[in-house]
Amino acid sequence: MIQPWQPVDIGHMGRALALARRAGRLGEVPVGAVLVDQVGRLIAAEHNRSILACDPTAHAEVLCLRAAAAILGNYRLTGTTLYVSLEPCPMCAGALVWARVKRVVFGASDPKAGALGSVMDVAAQPELNHRPMVEGGLLAEESALLLRGFFASRR
């Protein structure tokens, strides 16, 4: 399933994790996302803001896609890689398909809502006109610890 296209950049995932920590400090579920072009240059970086924005679609991935599309003047984000601290949900996985993101690299798997291999695999649907390459597990333990700590503090 995973076919490396360019080397994974741990620094991009580090930036996504820094954004996730910021989201957690703001009371949001700690998820951060970074979108880079084919040579690894940063296009957009966002964190979850669903609570602050009163918007159920304000996930880090969707906000990143919106910002990148505005910056590039095109909703088709071909040739890009999204680094995200948590496996995308069905909504975000669908948005990644529609935006034609080339590759998704995520940290922790999401056994409750993950849509790129854990609960379902949107990227593997042969009927879709685009299927991003997916690579999971980059800084997975750090991502998972951040999420566990956040939810433990809420109980």
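Here the structure is a predicted model, which means the values were calculated and not measured.

Engineer: Help me get a handle on the sheet that holds strand β4 (residues 103-108), residues and values and all.
Structural biologist: Sheet architecture is open: 5 strands sit in the order β2-β1-β3-β4-β5, paired in mixed fashion. Looking at which strands have only one partner, the edges of the open sheet turn out to be β2 (42-47) and β5 (133-136). With strand direction ignored, the average angle separating the axes of adjacent strands in the sheet is 15°. In the packing of helix α5 (residues 140-154) onto the sheet, the strands contacted are β3 (81-86) and β4, and the crossing angle to β4 comes to about 60°.

Engineer: Could you give an account of the state of the cysteines, naming the residues involved and the relevant values?
Structural biologist: Scanning the entire structure with this criterion turns up 0 disulfides. Cys-89 forms no disulfide, and the closest cysteine sulfur to it belongs to Cys-92, at a distance of 3.7 Å.

Engineer: Explain α5 residue by residue, including any values.
Structural biologist: The terminal C-alpha atoms of α5 lie 21 Å apart, and with 15 residues this matches the ideal 21 Å at 1.5 Å per residue to within 8%. For α5, every residue scored as buried is listed here: Ser-143, Ala-144, Leu-147 and Phe-150. Looking straight down α5, one finds its buried side chains confined to an arc of 130°; they lie on one side.

Engineer: Go over helix α1 (residues 10-25), please, and point to the residues and values.
Structural biologist: Its 16 residues give α1 an end-to-end C-alpha distance of 23 Å, which sits within 8% of 22 Å, the value for a rise of 1.5 Å per residue. Buried within α1 we find His-12, Met-13, Ala-16, Leu-17, Leu-19, Ala-20 and Ala-23. For α1, the angular spread of buried residues about the axis comes to 160°, placing them on one side. Facing away from the buried surface of α1 by more than 90 degrees, the exposed residues are Ile-10 and Arg-25. Where α1 is buried, its residues meet β1 (32-36), β2, β3, β4 and α5. With a side-chain oxygen lying 2.7 Å from the backbone nitrogen of Gly-11, the N-terminal cap of α1 falls on Asp-9. Immediately downstream of α1, the backbone of Gly-27 shows phi near 90°, a positive value.

Engineer: For the packing of helix α3 (residues 60-72) against helix α4 (residues 90-98), give the residues involved together with the corresponding values.
Structural biologist: Helix-helix packing: each pair is described by the crossing angle between the helix axes and the interaxial distance. Running from amino to carboxyl end, α3 crosses α4 at an angle of 25°, the nearest separation of the two axes being 9 Å. Classified by the angle their axes make, α3 and α4 are roughly parallel. Taken as a pair, α3 and α4 cross one another with a handedness that is left-handed. Where α3 abuts α4, its residues Glu-61, Val-62 and Leu-65 lie against Met-91, Cys-92, Ala-95 and Leu-96. Here the contact of α3 with α4 is composed, by residue class, of 6 nonpolar, no polar and 1 charged.

Engineer: Give a description of the pattern of salt bridges that names residues and reports values.
Structural biologist: Going through the model one piece at a time under the given rule, you end up with 6 salt bridges. A salt bridge links Arg-49 to Glu-46; the shortest N-O distance between them is 2.2 Å. Judged by relative accessible area, which is 30%, Arg-49 ranks as partly exposed. When the shortest N-O distance is used, the salt bridge between Arg-148 and Glu-141 registers 3.0 Å.

Engineer: Account for the packing of aromatic side chains, naming residues and giving values.
Structural biologist: Under the definition given, this model contains 1 aromatic pair. Ring centres of Phe-150 and Phe-151 lie 5.1 Å apart, and the angle between their planes is 80°; this geometry places the pair in the edge-to-face category. Exposure remark for Phe-151: the relative accessible area of 36% places this residue in the partly exposed category.

Calculation notes
- Residues numbered from 1 in each chain as written.
- Predicted model: local features only at pLDDT ≥ 70, side-chain atom pairs only at ≥ 80, totals over all residues.
- Heavy atoms only, no water.
- Pairing = 2+ DSSP bridges.
- Helix = DSSP H or I, 4+ residues; strand = E, 2+ residues; numbered from the N terminus.
- Axes fitted to C-alpha atoms, helices over the stretch in contact; angles between N-to-C directions.
- Contact = heavy atoms within 4.5 Å.
- Disulfide = S-S within 2.5 Å.
- Expected span 1.5 Å × (residues − 1).
- Buried < 20%, exposed > 50% of the residue type's maximum accessible area, 1.4 Å probe, protein only.
- Arc of directions from axis to C-beta.
- Polar contact = N/O pair within 3.5 Å; in protein donor to acceptor, adjacent residues only side chain to side chain.
- Parallel < 35°, antiparallel > 145°, perpendicular 65-115°, else oblique.
- Left-handed = near helix turned anticlockwise from the far one by under 90°.
- Nonpolar A, V, L, I, M, F, W, Y, C, P; charged D, E, K, R; others polar.
- Salt bridge = Lys/Arg side-chain N within 4 Å of Asp/Glu carboxyl O.
- Phe/Tyr/Trp six-rings, centres within 6.5 Å; stacked < 30°, edge-to-face > 60°.

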